[in-house]
Structure formats: C-alpha cells, structure tokens
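Observations on chain architecture
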Amino acid sequence: MYFKIALGNVRRSIRDYGVYFLTLTFGVCLFYVFNSIQAQSVMMALSETQAKMLVLLNNMMGIFSIFVCVVLGFLIVYANNFLIRRRKKELGLYLVLGMNKGTVARILMIETVMIGTLAFAAGLGLGILVSQALTVVTANLFMVQLKAFEFIISFNAIVKSAVFFGGMYLIVLIFNTWVVQRYKLIDLLQGDRRNEALKLRSIGLSAVLFLASLIILGCAYALILDNGFMMFDMEFAASIILGSMGTFLFFFSLSGFLLKFVQSRQSFYYRNLNMFVMRQLNSRINSAFVSMTVISIMLLLTIGALCTGLSFNQVLAGDVEKTSPYDATLYVYDTPQLGSSLSQDIRDQGLDLDGFAAEAADLDLYDMALKVKDYCSAEVITLMQNSTSQNVGEMTIDFLPLSQLNTALSMQSKPEVTLGDNEYLLTYSMNAAESDILKAVKEHRELTVDGKQLIVSQPALFLQLQNFSAFGNFLTIVLPDSYFVNKLPASQSLNLNYKVSVEEGDAMMDDLAKKYGQTTGLAYNTVTRAEMFEASGGMKLILSYIAVYLGLVFLIASAAILALQQLSESADNVQRYALLRKIGVEEKMIRRSLFIQIAIYFLFPLALAVVHSIVGVSAVIRSLVALAKIDIGSQVLLVGGFLALIYGGYFLITYTSSLSVIRDRVQSRRLE
C-alpha cells in the first residue's frame, strides 16, 4: 500500500521532481564518465608513459570524485528540504488520516528511492554513451591512434558510482526521517499559508553594509592580485576569507539597499508590476542571502576552474615543436671539471655518439657575474617573481658563444647571425622579458664585459636553446667567441638530431646517457621530443578533464539550487498571483513579472561571480604570462558556452515550470 501511495505521489508531483531528477541524472552521468577513463585505454595504442599518465588521471579523478560527492550530497539534501517544505500540507493530511510520523517518513523514503533509482539508471545509461565519445577526445589529447572501436562499459566506474550515490542517499533518508519527526501537525497543515518572516533592515544599515562589502571585496582583490595564486601563505588565506566575507555582506545588505534605491525612483517603481516584482525580490533575497553567497562562490569556482585549468594547459603542455626543437637534449650537471666539450668527452669515453646522431651540438652556458637586477627593469623582475619563489633579481644571466648559437640555429633550420667585436645579441623564449628586451634593442643598451663596452644593435632572437617542457630561455646574452677563451662553462648540455628512427634513437640515447653517467659519476638527464609529446598529451588530458569535471559539477549544482528555490517560491506565491488575476492584471504582465524575477535572481550571483572571476583569472594570467603567452579568448568562449547551455537552460526550464505551476494552481483555485 505504501508503495502504491508513493508511486501516485511521484506521478502527481512529476513536475516538482523534474529539475531534481534532471540534476541527479547529470550528476551520475558525469561521475561515471570521468571515473571510467582508464577503461578506455584498451582502445588506444598507448606507450608505457601514456599508460602511467592515464592511471594517474584515473586516481586523481577518484580523489576529486569524493569532493564531487560532497557537493552533490549537499545538493540532494538541499533539494529534499525544499521538496518537503513544498509538500507540508500533504504530509499533514496523512497525519490527520491516522498515519504516524514513521509511516509518513517511510512513504517519503520509498519516493526518494524511486526517484534516485530512476535517476541513477538514466544517468548511468547516459554516462555509458557519453564515455564512448570521450574515448575519441582522450585519444586526440594523447595524440594516439585508436586500435579499433569497442563498446566499453567500466564495471569499476559503475561500482564506484553506486557506492557513492548510495552513501549520499542514505544521508538523505536519515535527513527526511529527522525532518518529518520534528514538524508539528499545525505547521504542516498551514504550510501553504506560512511564509518566511520578512526581516526588515534599515536603509542606513543596509547602505553601510553594502559599502563595507565593496571595500572588503576591494581589499580581497588587491591581495589576490599581489599574490597571484603562487604562494599559499597568509596573504592568500586573507584574500579568500575577505572575499567570502565580502560576498556574504553583499547579498546580506542587497535586499534592503536595492528596494529603497528603486523606491526612490518612483516613476519606475510604480510602473506596471515593478512594485510587485521588487517586493518579491526583496523578500526572496532577504531570506536566501546565504544560499546566494554559496551559489556565487560555486559559480566563481566554475569559471575559475574552466579558464585557469585550460590556461595552465597552454603553459604546461605548450607547443612541443617549439619547446623541444631537437630530437633529444642531454643535460649533464657539475661539469666544470671536464675541461672540454661534452660531445668530445663522450667520444673520449669510447661511446658511439656518431652511430645514431646526425647532428650533435654542444651548448655551453657561462656565468659572467651579471645579475638580472643589473640588466632588467623592476617591472620584469616583478612579473617573473610572480611565477617563482626564488629571488629573481639575484639570479644570474647566462652567456652563450656565438658559434654555438649559430650551430643551434642551423639545427633548427634558421639563418645564422654575425656580431662585431663590440656587439652582443639577446635571445629569449619566455614571454616575461619580451617588452624589456625589445626596449633594450631599441635603446642600443650598453653592457660591460671584461672591461669592454658592448652595445646591442640587432633584433633579439626568440629562440628555444634546449628541449624543455615549456619555453625556458628567460634571457641569454650571446657574445663573440673571443670572450670565452680560458673560461669554464657554468653548465653544459648536448642537443641531438637523429639519423635513425625516433624509437631507435631514443633507446640509443638513453643507453648512452646511462653509460656516460656510470663512467663519469656525473648526474644527467635526457629530454626527448617524443617524451615531451607524450607528457604534453598527458598534461592536456589531466588539466582539461579535471577543469571540465569540477566546473560542470559546480555549474549544475548552482543552477539546480536556484531552480529549486524559484520553483518552491512560485508555488508558495500562488495566492498572490491569483489575487493579481482577480484585480484584472493581464496574463502578459504576470508572465513578464515572473520572467524578470527569475532572471534577476539568476543573474545576481552570476554577475558577482563574473567580477570575482575577472580578478582571479587576471591574477593567474599575470603569473603565467611570465612563462608563455596565454590566449584566454578560447577559454572565455568555452565558459560562455557552458553557462549559456546549462545555466541558461536551467533558467528557461525554471521559468516555464514556474509559469505552468502558477497557471495550474490559479485555475484550480478558481474551480474551488
């Protein structure tokens, strides 16, 4: 019997459960998709390194999924609270008919399990389908070919989804039982007549708190722009605390401040249903400022995760062809005692360098006791300081012989350069110093080396000197070879291009480096272009998926909470809309007032989140621009697309559902 009652309730309240069901379905879908990534590897031709990256990504997704479950759990509990409040009178009638609170709680439990089971099944089915398409995206980011298409179902991801989803629903069942037990019969029966108390605040207090919120947010912005998200110190903590406090005060003071501000514009306030709309908004914001604060912060996390996550992708993944211009680079450390070139010493050790290398060029960097602060402007030093914990001003600038520069240019199929005895050349590949370097060339800035005055008289070269995971040449000064006679290099490396296949060359390079390290006892490291391609694909995969995963979860949660609140609000205000109809207000004006209310309620937290995001993303970009040029335009378009599709979609569904609820219940009241 209880099952039959619960089934009837679900059928009758399907519109109320619509947004709730859709949100749970999306949540399960995302949870499955991003936890089934490792199962897709059977369809891809992955190397050992790429396979390890995929395992790492899968483990990271498992960790992030715990956090996602907390967010979805909060959403489920929050949604249930609204749905129960919406059905207070119905639950009260059950008690009047002789049911005890335990029986009512059991009916709610059956309804909850029914909705949850359907949502889980729908989400799982959708997730299995979407995960097949994600395999193609994964292969593209890894830059590998698909072996053959298989329809993959990850039973591990299904088990994870079931466990986490079941745990969340257990909490919901406990919550529903507790809520029903604490309600009194009179509260349930009068649930549709009792509104939340309107907490009036003086205009003076509201104005003061509103201004205080702006000042606090300004301080938070200044702190985070100075920190740049580079150090998790007291300054960073203070910016987060002040930002949260400012957001809370903004919405706390907004209702009283906004209403009084609009009332002072009487021509607007008394036009059409603006007075009704503003009163409704004032009541809603006045009682929901906490949830609006949380939603605004979640939207900030959405925009921040998508924009900055994919910006890091650009910096760390980069353009491998440009950051790794050679087939391989061999780095050898603590080499001043060699007394000869690295390539010659390798040959002297009896190692067959020429057996697989078509080109092998030494790259020796020298220390001429020139510090960054002695050559670069304070602005560039500050910019660089945002991306490292080292004292940039005290770092030394590297010097390179002209002959080795020309060899590197030749290996990269670029024209060689010449220098006079009184000239030097600037090279760089990191964006941080570009403006300063171009200015130095334009000014023919002088430099003193070994007591001689040199000038820079030709354009600077944007040049990557060695294989690296990103653009690593902050600033290197090139001098004629005569300045390096009888000087020992501070660091030595060897750039190579193979005359054999990449696979064979990488294997022989690895073997040579190991033997050289064992023979000389020197520490070494090899960076091959193939490794950088694999690392680039793995980094793109990890950063992109984590950013999209968390961003979508926060976005769906935010939009769903707003939608549920507005649906509940519309149902609670049926009497007010019925009264408007009785006094002759046209249907068109009612629709317009409802549209404006919901639109403003959706836009307020989004608008503040966008402002927060502009500041936060600017801070991150200022830090990352020292490493590479960031194209934020594509990220903005992507975030805008997600917001338009999901946030805008929830807004439209909320408006149409609210309008339908009001129409149906106003009509039913007329019939009564």
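Use the structure listed above.
These figures come from a predicted structure and were not determined experimentally.

Mapped onto the fold, Ser-493 is located in strand β9 (residues 491–498). Here Gln-466 takes part through its side chain, which lies 2.8 Å from a polar atom of the side chain of Ser-493. Beyond its immediate sequence surroundings of up to four residues, Ser-493 is in contact with Thr-329, Leu-330, Tyr-331, Leu-342, Ala-361, Asp-362, Leu-363 and Gln-466.

Buried residues of helix α17 (residues 434–443): Glu-434, Asp-436, Ile-437, Ala-440 and Val-441, and no others. Projected onto a plane normal to the axis of α17, the buried residues spread over an arc of 165° and lie on a single side. Residues of α17 that are exposed and point more than 90 degrees away from the buried face comprise Ser-435 and Lys-442. Downstream of α17 by one or two residues, His-444 has phi in the positive range, about 55°.

Okay, the pairing of strand β1 (residues 328–332) next. Taking burial as the measure, the five residues of β1 include five buried ones, the bulk of the element. Residues Ala-328, Leu-330 and Val-332 of β1 are buried on one face, and the alternating residues Thr-329 and Tyr-331, pointing to the opposite face, are buried as well. Relative to β9, β1 is paired through five bridges, and the arrangement is antiparallel. Opposite Tyr-331, over in β9, you have Ser-493 as the bridge partner. Note that β1 and strand β10 (residues 524–528) share five bridges and pair antiparallel. Bridge assignment links Ala-328 to a residue of β10, and that residue is Thr-528.

Residues Phe-74, Phe-248, Val-290 and Val-294 make up a contiguous nonpolar surface patch of roughly 310 Å² in combined accessible area. Along the chain, Val-294 turns up in helix α11 (residues 274–317). Using a relative accessible area of 33% as the deciding quantity, one classes Val-294 as partly exposed.

Procedures and definitions
- Residues numbered from 1 in each chain as written.
- Predicted model: local features only at pLDDT ≥ 70, side-chain atom pairs only at ≥ 80, totals over all residues.
- Heavy atoms only, no water.
- Helix = DSSP H or I, 4+ residues; strand = E, 2+ residues; numbered from the N terminus.
- Polar contact = N/O pair within 3.5 Å; in protein donor to acceptor, adjacent residues only side chain to side chain.
- Contact = heavy atoms within 4.5 Å.
- Buried < 20%, exposed > 50% of the residue type's maximum accessible area, 1.4 Å probe, protein only.
- Arc of directions from axis to C-beta.
- Pairing = 2+ DSSP bridges.
- Patch = residues over 30% accessible without salt bridge, like charges linked within 9 Å, V, L, I, M, F, W, Y side chains within 5 Å.
- Areas by Shrake-Rupley, 256 points an atom, 1.4 Å probe, with all protein chains shown as cover.
- Salt bridge = Lys/Arg side-chain N within 4 Å of Asp/Glu carboxyl O.

Limitation: the analysis is restricted to geometry and does not speak to function.
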